[in-house]
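Coordinate inspection notes
So the chains spell out like this:
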Amino acid sequence: VRGVNFEAVLRVEEDEANSKRNASKREVDDDLGLSMLIDSQNNQYILTKPRDSTIPRADHHFIKDIVTIGMLSLPCGWLCTTIGLPTMFGYIICGVLLGPSGLNSIKSIVQVETLGEFGVFFTLFLVGLEFSPERLRKVWKISLQGPCYMTVLMIAFGLLWGHLLQIRPTQSVFISTCLSLSSTPLVSRFLAGSIRGDKEGDIDYSSVLLGMLVMQDVQLGLFIAVMPTLIQAGVSTYSSIFKEILRILILIGQILFSLAAVFLICLVIKTYLIGPYYRKLHAESKGNKEILILGITAFIFLMLTITELLDVSMELGCFLAGALISSQGHMVTEEIMSCIEPIRDFLAIIFFASIGLHVFPTFVIYELTVLLFLTLSVVIMKFVLAVLVLSLILPKTSQYIKWIVSAGLAQVSEFSFVLGSRARRAGIISREVYLLILSVTTLSLLLAPALWRAAIMKCVPRPERRSST
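Each chain has its residues counted from 1, running along the sequence as written. Local features are withheld for residues below a pLDDT of 70 in this predicted model, meaning they are given only at 70 or higher, and side-chain atom pairs are given and counted only at 80 or more; totals for whole chains, interfaces and linings count all residues. The side-chain figures draw on all heavy atoms in the structure; neither hydrogens nor water molecules are used.

Time to look at the packing of aromatic side chains. Side-chain rings of Phe, Tyr and Trp, where Trp is taken by its six-membered ring, are said to pair if the distance between their centres is within 6.5 Å; with planes under 30 degrees apart they count as stacked, over 60 as edge-to-face, and otherwise as tilted. Scanning all chains against the criterion turns up seven aromatic pairs. Considering the side-chain rings of F118 and F121, the 5.7 Å spacing of their centres and the 80 degrees angle between planes classify their relative orientation as edge-to-face. With F118 and F121 both in helix α4 (residues 109–129), this residue pair falls three residues apart, about one helical turn. On the accessibility criterion, F118 (31% relative accessible area) is partly exposed. The buried category is assigned to F121, whose relative accessible area is 6%. Ring centres of F352 and F417 lie 6.3 Å apart, and the angle between their planes is 85 degrees; on these two criteria the pair is classed as edge-to-face. Note that F352 is positioned in helix α13 (residues 330–356) and F417 in helix α17 (residues 415–426), a separation of 65 residues in sequence. Both residues of the pair, F352 and F417, count as buried. Taken together, the ring pairs connect F118, F121, F122 and F301 into an aromatic cluster. The residue whose ring lies beneath R431 is F360, and the NZ or CZ to ring-centre distance is 5.0 Å. The way it works is that DSSP assigns letters per residue, a run of H or I at least four long becomes a helix, a run of E at least two long becomes a strand, and they are numbered from the N terminus. Each residue is assigned to one of three classes by its accessible area relative to the maximum for its type, calculated with a 1.4 Å probe on protein chains only: buried under 20%, partly exposed between the two thresholds, exposed over 50%. The criterion for a charge sitting over a ring is simple: Lys NZ or Arg CZ within 6 Å of the ring centre, and within 35 degrees of the ring normal.

If you want it as structure tokens, here you go:
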């Protein structure tokens, strides 16, 4: 009567599935096993809490899923490396092959995605760890102004197109912000080994590009922090425009208060705690890196918990944890990065594989023409906007580097996968929009090497070009 849907499920005990066991054994274990629910579509759900918690139990489906992902991700990543693509494409392909659109062999999808979240946490920690004010000192004005202008212009174009296509403003803002970000790891690989010019009055393109990418990473952390407010702002609860504007202003005030509290706590930690804490860890970890890894992980989780309690996203806490530790100097950053990177790499494999679980190749094949058009439109728009912005903020003596920097910023960051998964879970975007974001991001990253080589061949002098390519 009230529109409630009921569905019958079948509950199967773990030990009842084994018909070879005798009756007495079955009676003893009947109340001890892990239960399974099977719905009308034959989906299986393992109940995570056993009836008797005194007996150790394990979810064998989850173990098999992680083992399978670990084994299949190696040849997939290896293949992508061989043909010159980032390894993350291989991990996504691994998830596609094992997911519902492929072999459908992953049973514990929720557990796999939960473990993949830790890959996001450690990735953002390392992004914060690479945030160094010293690297931005020479080009700080360009690094600050460029990404801000580009993001504002992208959002303005997004709202315009959203109005023409009758898309909700919150969804338009989200999509535009996702597409405004560029991939720091991919561009860092492009810049590896490049010669950095130090001519008087000249600005090196690698410094400008890295500076703008770092500021985009800061924008990423702030945008993740305000996503809960964006979600609440998108839910209209009042018919009056005045009340709606007042509600949005209150939400903005709340997020600004939370951010102010977070940064005040960070200032206290940086001034009084982080230095003694790291020195103590360093002294205790001599000959035993386990203490250092555990101490850094505990600090990441502490910052994660603080931002969560202040109603700001956990990911921002991870980023701030890295930024606080990076304030201790280059040697500290290098030591911690060498310890945390292997953990991040393994968990990132799980995260990108979990992204692949939601990718359907049939959607890409059916909509390939539309996806190619959208990808080319986004890449060209980002390139043109970057050229216009850099033409305004670069010194006249360094105008030639705007083409190279714009080529490096034209693709879409892999962090749009992170933002997209958050928005899909929160209901900001639909399933179709989520698949579009994944597809456009992937295709733009595939186009990035060709665009970068073209810019290098056209604008970089021959000695520098040889090492940059």
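Let us keep going from here.
Let us now look at the UniProt feature "transmembrane region" (unreviewed entry) in the chain. UniProt positions are given in the numbering used here, feature names are shortened, and annotations may be inferred rather than shown by experiment. The UniProt record marks residues 76–98, 118–136, 148–167, 245–269, 290–310, 346–366, 371–394 and 433–452 with the feature "transmembrane region" (unreviewed entry), using the residue numbering of this structure. Taken end to end, residues 76–98 is 83% helix and 0% strand, and its first and last C-alpha atoms sit 12 Å apart. In residues 371–394, the share of helix is 96% and the share of strand is 0%. The end C-alpha atoms are 33 Å apart.

With that settled, the discussion passes to the layout of surface pockets. Counted as a void, the second largest pocket has a volume near 650 Å³. Space inside and on the surface of the protein is sampled on a 1 Å grid over the protein atoms alone, with a cavity defined as a set of points where a 1.4 Å probe fits but cannot get out and a pocket as an open set with protein on both sides within 12 Å along at least 5 of 7 lines; lining residues have an atom within 4 Å of a point. Around the second largest pocket sit 20 residues that line it, and W161, I175, L179, L374 and V378 are the ones nearest its centre. Breaking the lining of the second largest pocket down by element, the ones donating at least two residues are α6 (140–164), α7 (169–180), α15 (368–393) and α18 (431–459). Residues are grouped as follows: Ala, Val, Leu, Ile, Met, Phe, Trp, Tyr, Cys and Pro are nonpolar; Asp, Glu, Lys and Arg are charged; all remaining types, including Gly, are polar. Classifying every residue of the lining of the second largest pocket gives 15 nonpolar, five polar and no charged. Grid points are joined across faces, edges and corners, and a volume is the space filled by probe spheres set on the points.

Right, let's talk about a nonpolar patch on the surface for a bit. Two joining distances apply to patches: 9 Å for like charges and 5 Å for nonpolar side chains (Val, Leu, Ile, Met, Phe, Trp, Tyr), and every residue must have over 30% relative accessible area and no salt bridge. We get accessible surface area from the Shrake-Rupley algorithm with a probe of 1.4 Å; when it comes to residues, only the shown protein chains can shield them. Basic side-chain nitrogens of Lys or Arg form a salt bridge, by our definition, when they fall within 4 Å of a carboxyl oxygen of Asp or Glu. Together, L153, F157, L160, W161, L164, L165 and I167 give the surface a local cluster of nonpolar side chains, amounting to about 660 Å² of exposed area. Residue class for L164 comes out exposed when judged on its relative accessible area of 55%.

Of note, I167 is situated in the loop between α6 and α7. We classify I167 as partly exposed; its relative accessible area is 31%. Residues count as neighbours in contact if any of their non-hydrogen atoms are within 4.5 Å of one another. Not counting residues up to four positions away in its chain, the partners in contact with I167 are G162 and S172.

The nonpolar core is taken to be a set of buried Ala, Val, Leu, Ile, Met, Phe, Trp, Tyr and Cys residues, with the residues joined through side-chain atoms within 4.5 Å. The biggest cluster of nonpolar side chains holds 104 residues, and the ones touching the most others in it are F125 and F174. Setting aside anything within four residues of it in sequence, one finds F125 in contact with I296, I300, C318, F319, A321, G322, I325, I336 and I340.

Now for the packing of helix α16 (residues 402–409) against α18. Contact geometry for α16 and α18: axes closest at 9 Å, N-to-C directions at 175 degrees. Taken together, α16 and α18 sit at an angle that is classed as roughly antiparallel. Listed contacts from α18 to W403, I404, A407 and G408 of α16 are L451, W452, A455, I456 and C459. For every element, the axis is a line fit to its C-alpha atoms; helices are fit only across the contacting stretch, and the angle between N-to-C directions ranges from 0 to 180 degrees. Just so you know how the angles are binned, under 35 degrees is roughly parallel, over 145 roughly antiparallel, 65 to 115 roughly perpendicular, and the rest oblique.

Secondary-structure assignment places S413 in the loop between α16 and α17. The exposure class of S413 is buried, given its relative accessible area of 2%. Beyond its immediate stretch of four places on either side in the chain, S413 contacts L181, S182, S183 and T441.

Here the focus is empty space enclosed by the protein. Inspection of the entire model under this criterion finds three cavities of 30 Å³ or more. Quantified by volume, the largest cavity comes out at close to 40 Å³. Secondary structure elements with two or more residues in the lining of the largest cavity: α8 (184–191) and α9 (205–233). Examining the composition of the lining of the largest cavity, we find that three residues originate from one element, α9, more than from any other. Considering only residue class, the lining of the largest cavity consists of four nonpolar, four polar and two charged.

Turning to the pattern of salt bridges, a few remarks are in order. Tallied over the full model, the rule gives four salt bridges. For the salt bridge of R344 with E341, the shortest nitrogen-to-oxygen distance reads 3.8 Å. Here E341 and R344 lie together in helix α13, a separation of three residues that amounts to about one turn. With its nearest N and O atoms 2.9 Å apart, the salt bridge here joins D345 to R344. The class for R344 is buried, based on a relative accessible area of 18%. Connected through salt bridges with shared partners, the residues E341, R344 and D345 form a single ionic network.

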